[in-house]
Amino acid sequence: MSVKFRAHDTFFIRKGWLSKGMKNIVSDPTIFVSRDTNPMDVLGIGANMVKALRYWMQAVKLTEEPTSGRREQKLTKLGKIIHENDPYIEELGTLWLLHYNLATNKEEATAWYFFFNEFRPEEFTREDYFTQIGNFLRELGETVADRSIEDDYNCIISTYIPRIKLNPKKFDPEDNIDCPLGELGLIDIISKKDRVYKKNMPKKDTIHPLILLAVILFQHEKKNPEWRINKEKREIRISDIHTAKCNAGKVFNLDIITLTILLYKLELLNFIKVVRTAGLDIIKINSDIDALRCVEEYYRMINE
């Protein structure tokens, strides 16, 4: 596989960026490559930030662009649903979906994939991270410059920890340059002096059950394209949801108790049935819903 580091040019996602990106791509798919208009003028950000935004739009899978020919961007199917229902990226469910796409994007956001799926320590320092990602890259046969690894590590910390926590003395509320994914609370500080951090479990009730189901379905649709059609086989082991790479347990930092509570909420909504027999705990999907329809149902439900 290919890996990608530091494609963000050290700029984490700023509040307002993604909604501004979607709006302008809908108006002009060539916004990032046009010779007629200056994207810096249209987007109101500097040249390096334009480059970073172009990368982030694809890394969180709001947009896609061809690998050859005219490199204009268009909204993905998920991007269209989000643009129609939450154009300003205000809902927590939207943020969880974008985080899921980032944390599972092994080729375009390798550091994010590694951090949430391969990196085991709950408490960690920069040194812990460097050691383990070095081993990970060696196993892949990849060589990445230390500076690129460091910049991605710093960007991950800035993505998930609000600036007021990182540097309260330097924080200016007028700046408004936090990353919206900081609202998810997935990383916290243990010791500012020693720069020790920890992975956090989400706060209670911040993950809507339908967002959990959407992620579960996205994962299984990737592995089994025919799985959506054959309703008889629409069952999944709870242990896979909890521990498999790129599934909800890993990317959302969920313990088994929190995951089980969310699954029972889905059962109460009649989307799944939790089956516990002979030591094999599974969920059965009750309807023929797929991941994208699940996202649409989430927006319909919260807007009722």
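Refer to the preceding data block for the structure.
Because the structure is a prediction, the values reported are computed rather than measured.

Caption draft 1: Quick peek at the overall build of the protein. Along its length, the protein carries 14 helices and eight strands. C-alpha atoms of the protein, sized along the principal axes, occupy 60 × 45 × 40 Å. Out of the 304 residues belonging to the protein, those deemed buried represent 50%. Excluding contacts between residues fewer than 6 apart, the proportion of contacts in the protein whose partners are at least 24 apart in sequence is 65%. Accessible surface for the protein amounts to roughly 15500 Å². Of this, 47% is attributable to carbon and sulfur atoms. Separation between the mean location of the 46 positive side-chain charges and that of the 45 negative ones in the protein comes to 2 Å.

Caption draft 2: Highlighting the layout of surface pockets. As a volume, the largest pocket reaches approximately 790 Å³. When contributions to the lining of the largest pocket are tallied by element, the ones reaching two or more residues are helix H3 (47-59), strand S1 (63-64), helix H4 (77-85), helix H5 (92-103) and helix H10 (209-223). Looking at the lining of the largest pocket element by element, the count peaks at four residues for H3. The residue makeup of the lining of the largest pocket, split by class, is seven nonpolar, five polar and 13 charged. There is about 540 Å³ of room inside the second largest pocket.

Caption draft 3: Up close: the sheet that holds strand S5 (residues 196-199). Read from one edge of the open sheet, three strands run S3-S5-S4, paired in antiparallel fashion. Each having just a single partner strand, strand S3 (123-124) and strand S4 (187-191) make up the two edges of the open sheet. The pairing of S3 with S5 spans two bridges and is classified as antiparallel. Across the sheet, Glu 123 pairs through a bridge with Lys 198, a residue of S5. Most of the contacts of helix H8 (residues 146-160) go to S4, to which it runs at about 105°, and overall it touches S3, S4 and S5.

Caption draft 4: Representation of the side chain of His 8 in the model. By the secondary structure assignment, His 8 is in the segment before helix H1 (17-27). Taking relative accessible area as the criterion, His 8 reaches 1% and is therefore assigned buried. Of the polar contacts made by the side chain of His 8, one reaches the backbone nitrogen of Thr 10; its length is 2.9 Å. Here His 8 is in contact with Ala 52, Tyr 55, Trp 56, Trp 112, Asp 151, Asp 152 and Cys 155, once residues within four sequence places are set aside.

Caption draft 5: Quick look at the packing of H10 against helix H14 (residues 291-302). At their nearest, the axes of H10 and H14 sit 8 Å apart, and the two run at 170° to each other. Taken together, the axes of H10 and H14 lie roughly antiparallel to each other. Within the contact between the two elements, H10 uses Leu 210, Ile 211, Leu 213, Ala 214, Leu 217, Phe 218 and Glu 221 and H14 uses Ala 291, Leu 292, Cys 294, Val 295, Glu 297, Tyr 298 and Met 301. Tallied by class, the residues present in the contact of H10 with H14 amount to 12 nonpolar, no polar and two charged.

Caption draft 6: Geometry of the pattern of salt bridges. In total, this model carries 15 salt bridges according to the counting rule given. For Asp 205, the salt bridge goes to Lys 265, with nearest N and O atoms at 2.9 Å. Placement of Asp 205 in the loop between S5 and H10 and of Lys 265 in helix H13 (residues 256-268) is noted, with a sequence separation of 60 residues between them. You can call Asp 205 exposed: its relative accessible area is 57%. For Lys 265, a relative accessible area of 31% gives the class partly exposed. Across the pair Arg 293 and Asp 288 runs a salt bridge whose closest N-O atoms are separated by 3.6 Å.

Caption draft 7: Looking closely at the nonpolar core. Ranked by internal contacts, the top residues of the largest apolar core, which has 97 residues, are Leu 18, Trp 56, Trp 112, Tyr 129, Leu 212, Leu 263 and Ile 283. Ranked by residue count, the leading element in this core is H10, at nine residues. Other than its neighbours up to four places away in sequence, Tyr 129 contacts Ala 111, Phe 114, Phe 115, Phe 119, Ile 149, Tyr 153 and Ile 156.

Caption draft 8: Structural detail: H14. End to end, H14 covers 17 Å across 12 residues, agreeing with the expected 16 Å (1.5 Å per residue, within 8%). Of the positions making up H14, those classed as buried are Ala 291, Cys 294, Val 295, Glu 297, Tyr 298 and Tyr 299.

Caption draft 9: Fine view of the packing of H10 against H13. For the pair H10 and H13, interaxial distance at closest approach is 9 Å and the crossing angle is 100°. In terms of orientation, H10 and H13 fall into the roughly perpendicular class. Between H10, through Pro 209, Leu 210, Leu 212, Leu 213 and Ile 216, and H13, the contact on the second element is made entirely by Leu 259, Leu 262, Leu 263, Lys 265 and Leu 266. Broken down by class, the residue content of the contact of H10 with H13 amounts to nine nonpolar, no polar and one charged.

Caption draft 10: Representation of empty space enclosed by the protein in the model. In the structure shown here, the tally under the stated rule is one cavity of 30 Å³ or more. As a volume, the largest cavity reaches approximately 30 Å³. Looking at the largest cavity, the residues that line it are Lys 4, Phe 5, Arg 6, Ala 7, His 8, Tyr 55, Glu 108, Ala 109, Thr 110, Trp 112 and Asp 152. Across the lining of the largest cavity, the residue classes tally to five nonpolar, two polar and four charged.

About the cut-offs
- Within every chain, residues take consecutive numbers counted from 1 along the sequence as written.
- Owing to the predicted nature of the model, reporting of local features is limited to residues with pLDDT of at least 70; listing and counting of side-chain atom pairs is limited to 80 or more, with chain, interface and lining totals taken over all residues.
- With hydrogens and water set aside, each side-chain value is computed from the structure's full complement of heavy atoms.
- Put simply, DSSP marks the helices as runs of H or I at least four residues long and the strands as runs of E at least two long, and each gets a number from the N terminus on.
- Burial classification: accessible surface area is computed with a 1.4 Å probe over protein chains only, and a residue below 20% of its type maximum counts as buried, one above 50% as exposed, and the rest as partly exposed.
- In what follows, a contact means two residues having at least one pair of non-hydrogen atoms within 4.5 Å.
- Residue exposure ignores everything except the shown protein chains as possible cover, and the areas themselves are Shrake-Rupley values with a 1.4 Å probe.
- The charge count treats Lys and Arg as positive and Asp and Glu as negative. His and the chain ends do not count.
- A single reference atom marks each charge: NZ on Lys, CZ on Arg, CG on Asp, CD on Glu.
- Throughout, the protein atoms alone are placed on a 1 Å grid, and a set of points is a cavity if a 1.4 Å probe fits but cannot get out or a pocket if it is open with protein on both sides within 12 Å along at least five of seven lines; lining residues have an atom within 4 Å of a point.
- Grid points are joined across faces, edges and corners, and a volume is the space filled by probe spheres set on the points.
- Note on residue categories: nonpolar means Ala, Val, Leu, Ile, Met, Phe, Trp, Tyr, Cys or Pro, charged means Asp, Glu, Lys or Arg, and polar means any other residue, Gly included.
- The criterion for strand pairing is that DSSP finds at least two bridges linking the strands in question.
- Helix axes are fitted only over the stretch in contact, all axes being lines through C-alpha atoms; the angle between N-to-C directions runs from 0 to 180 degrees.
- Distance and chemistry together define a polar contact, namely a pair of N or O atoms within 3.5 Å, with one atom able to donate a hydrogen and the other to accept it when in protein, and with adjacent residues in sequence counting only for side-chain atoms on both sides.
- What sets the label is the angle itself: under 35 degrees gives roughly parallel, over 145 gives roughly antiparallel, 65 to 115 gives roughly perpendicular, and the rest give oblique.
- The rule for a salt bridge is simple: a side-chain nitrogen of Lys or Arg has to be within 4 Å of a carboxyl oxygen of Asp or Glu.
- Nonpolar cores were defined as sets of buried Ala, Val, Leu, Ile, Met, Phe, Trp, Tyr and Cys residues, with membership established by side-chain atoms within 4.5 Å.
- Take the residue count of a helix, subtract one, and multiply by 1.5 Å to get its expected span.

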